[in-house]
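# Architecture at a glance
These are the residues of each chain, in order.
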Amino acid sequence: MSYRAVKGMNDILPDEVAQWHVLERAFREIAELHGYAEVRTPIVEGTELFVRSIGETTDVVEKEMYTFSRHDESLTLRPEGTAGAARAYVEHKQHAKEPVSRWYYLGPMFRAERPQRGRYRQFYQAGCEIFGDPGPACDAEMIDMLVGLFRKLGIADVSANLGCIGGPGTRERYRAALRDFLKPKLESLSEHARARVEANPLRILDSKDPRDRAACEGAPGVTDLLDDADRAHWDGLRRHLDRLGTPYVVDPRLVRGLDYYTRTLFELTSRSGELGAQNTLCGGGRYDHMIEELGGPNVPAIGFAMGLERILLALGQVAVEKRPRCFLAPLGESALGAALELARSLRDAGVAADLDARGGSLKSMLRRADALGARHCIVIGDAELARGVVQLKDLAQHQQEELALADVVARLSRREAGGGP
Ligand code: AMP
């Protein structure tokens, strides 16, 4: 019997993790510059939370949730981060503590989708939420932050697609208009879409099935149906983006996969790297009624989530800065004890140190030091140790010098701090 990771769930081995750190650092940095603070919520929530917030007739709730029961409770591995953040916001009465909360999160999400490149069953999302600001200035700020992040990361060909779904009234009018438009075309729709014409015709606009795509050609756009308040919000959002010079493309049929959105919707796509069909890097929108739906006060909100695997695919190879490290090569029994001590002192001084305690020839240890990309190798022999000295090899410069054991830490920590030889 050989064990394998669950289909659609990937190991990220140490070689790859360095790239993740670069991305995660860039995200945290830009989020914190914009006033977001990190929130960490459980990976498991009560199933009902997702049904209520994401919507019963969405793909995620209908067929993609990992749901199980324990102690008579139905639990679900979170398929996205907004529901948990909104639940935490309500549960901890965050609105009473501050008028506006800016939160960010980062972590694994779970959806039982058909795995393919850029689409997994466990995947990582980083996201931001703003609670308490009705926008549209903060909507523009959020989209501008994302465009800035992708630019900073060096992802080419990014397009920020913008839509507006309006409030509940507009959404209902839009549903009715879509139903009227699609009903005469019922025969040409996929079975899945046909079943949704009544309950959730908006979802059909999202369908990847070529039959549904063809049937949706010429469908009405929601922006024609906005009421005055929605229109003012929509106009304001574009005005702010124009003022910031943030490039965007209006997509009047953007609906997005989850039901909770109101007014602003956006998606950032890219044609760069190895993304292929799964080219949506990030999606978000306003969800002004969710906090109330979850039993909280009437607090407007907006958020987005981006898929970290997809961003890494778009980036291709990320340049990872390696921390210089030194390698200790003890040759003999008493040398090993001294090496253990020296390694600890180096680490205490902030110098990364590897130690080969397996014994072996100097040649094999030097080979190992090279393979690890060490900058220095400290060779400690029993005879030299008796004189209180070691050999310090600079592997980059191919130089070697004898150094008092007592001076090694000071020398290497000065070098790593950029303080010269
Ligand atoms: P959503 O929560 O569906 O709006 O998705 C937001 C972002 O998460 C998408 O734009 C993708 O980048 C990423 N994403 C969603 N589902 C998956 C998945 N199954 N595998 C990998 N990334 C995903």
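Scroll up a little and you will see the structure.
Our subject in this report is the structure included herewith. (Residues numbered from 1 in each chain as written. Predicted model: local features only at pLDDT ≥ 70, side-chain atom pairs only at ≥ 80, totals over all residues. Heavy atoms only, no water.)

Moving on to the overall build of the protein chain. A tally of helices and strands in the protein chain yields 16 helices and 16 strands. When its C-alpha atoms are laid out on the principal axes, the protein chain stretches across 90 × 55 × 45 Å. For the protein chain, buried positions account for 50% of its 421 residues. Across the protein chain, contacts joining residues at least 24 apart in sequence account for 69% of those joining residues at least 6 apart. Carbon and sulfur atoms make up 49% of the accessible area of the protein chain, which totals about 20,800 Å². Distance between charge centres in the protein chain, computed from 57 positive and 62 negative side chains, equals 3 Å. (Helix = DSSP H or I, 4+ residues; strand = E, 2+ residues; numbered from the N terminus. Buried < 20%, exposed > 50% of the residue type's maximum accessible area, 1.4 Å probe, protein only. Contact = heavy atoms within 4.5 Å. Areas by Shrake-Rupley, 256 points an atom, 1.4 Å probe, with all protein chains shown as cover. Lys, Arg positive; Asp, Glu negative; His and termini not counted. Charge placed at Lys NZ, Arg CZ, Asp CG, Glu CD.)

Relative to strand β4 (residues 73-77), strand β3 (residues 67-70) runs antiparallel, the two sharing 4 bridges. Within β4, the residue paired with Arg70 across the bridge is Glu73. The antiparallel hairpin formed by β3 and β4 contains 2 residues in its connecting segment, where His71 sits at a positive phi of about 50°. (Pairing = 2+ DSSP bridges.)

Two quantities define a packed helix pair, namely the angle between the helix axes and the distance between the axes. At their nearest, the axes of helix α1 (residues 14-33) and helix α12 (residues 308-315) sit 11 Å apart, and the two run at 105° to each other. By the angle class used here, α1 and α12 are roughly perpendicular. Between α1, through Gln19, Trp20, Leu23 and Glu24, and α12, the contact on the second element is made entirely by Leu308, Glu309, Ile311 and Leu312. Partitioning the contact of α1 with α12 into residue classes produces 5 nonpolar, 1 polar and 2 charged. (Axes fitted to C-alpha atoms, helices over the stretch in contact; angles between N-to-C directions. Parallel < 35°, antiparallel > 145°, perpendicular 65-115°, else oblique. Nonpolar A, V, L, I, M, F, W, Y, C, P; charged D, E, K, R; others polar.)

For the rest of this paragraph, the subject is the packing of aromatic side chains. Under the counting rule described, the total for this entry stands at 6 aromatic pairs. Consider the rings of Tyr89 and Phe131, whose centres lie 4.3 Å apart with planes at 25°: the pair is stacked. Note that Tyr89 is positioned in helix α4 (residues 82-91) and Phe131 in strand β6 (residues 122-131), a separation of 42 residues in sequence. Taken as a pair, Tyr89 and Phe131 share a single burial class, namely buried. Consider the rings of Trp103 and Phe131, whose centres lie 5.5 Å apart with planes at 75°: the pair is edge-to-face. Placement of the pair is Trp103 in strand β5 (residues 101-110) and Phe131 in strand β6, with a sequence separation of 28 residues. Judged by its relative accessible area of 10%, Trp103 is buried. These aromatic residues form a ring-pair network of at least three members: Tyr89, Trp103, Phe131 and Tyr287. (Phe/Tyr/Trp six-rings, centres within 6.5 Å; stacked < 30°, edge-to-face > 60°.)

In terms of residue burial, strand β9 (residues 262-270) counts as a mostly covered element, since 9 of its 9 residues are buried. Relative to β9, strand β7 (residues 158-164) runs antiparallel, the two sharing 7 bridges. Each residue of the ladder has a partner; that of Gly163, found in β9, is Leu265. Pairing of β9 with strand β10 (residues 280-286) involves 6 bridges; the strand directions are antiparallel. Note that in β10 the partner of Thr269 across the bridge is Thr280.

Note: α-helices contain 3.6 residues per turn, so residues at a spacing of three or four share the same orientation. Between its first and last C-alpha atoms helix α6 (residues 168-182) spans 21 Å; for 15 residues at 1.5 Å apiece the expected length is 21 Å, and the two agree. Buried residues of α6: Thr170, Arg171, Tyr174, Arg175, Leu178, Arg179 and Leu182, and no others. (Expected span 1.5 Å × (residues − 1).)

A surface patch of nonpolar side chains, about 200 Å² in accessible area, is lined by Ile43, Val44 and Phe68. Judged by relative accessible area, which is 32%, Phe68 ranks as partly exposed. (Patch = residues over 30% accessible without salt bridge, like charges linked within 9 Å, V, L, I, M, F, W, Y side chains within 5 Å. Salt bridge = Lys/Arg side-chain N within 4 Å of Asp/Glu carboxyl O.)

Overall, antiparallel pairing links the 3 strands, which are arranged β2-β4-β3 in an open sheet. Unpaired on one side and paired on the other, β2 (44-46) and β3 mark the two borders of the sheet. Averaged over all neighbouring strand pairs, the angle between strand axes comes to 40°, with direction disregarded. Its contacts with the sheet place helix α2 (residues 47-54) against β2, β3 and β4, and it is angled at close to 75° to β2.

Here we take up the pattern of salt bridges. Opposite charge on two side chains permits them to pair, given that their charged atoms come into close proximity. Here the structure, examined in full by the defined rule, presents 24 salt bridges. Across the pair Glu38 and Arg40 runs a salt bridge whose closest N-O atoms are separated by 2.9 Å. The exposure class assigned to Arg40 is exposed, which follows from its relative accessible area of 69%. Among the salt bridges present, the one from Asp235 reaches Arg238, with a minimum N-O distance of 2.4 Å. Pair noted here: Asp235 and Arg238 are both in helix α10 (residues 228-244), with a separation of 3 residues, about one helical turn. Via salt bridges that share partners, Asp59, Glu62, Lys63 and Arg196 belong to a single interconnected network.

Locating Gly303 in the fold gives a position in strand β11 (residues 301-307). With a relative accessible area of 3%, Gly303 lands in the buried category. With 94 residues separating them along the chain, Gly303 and Gln397 place their C-alpha atoms 51 Å apart. Ignoring sequence-local partners within four residues, the contact set of Gly303 consists of Cys128, Glu129, Met142, Phe266, Gly284, Gly285 and Tyr287.

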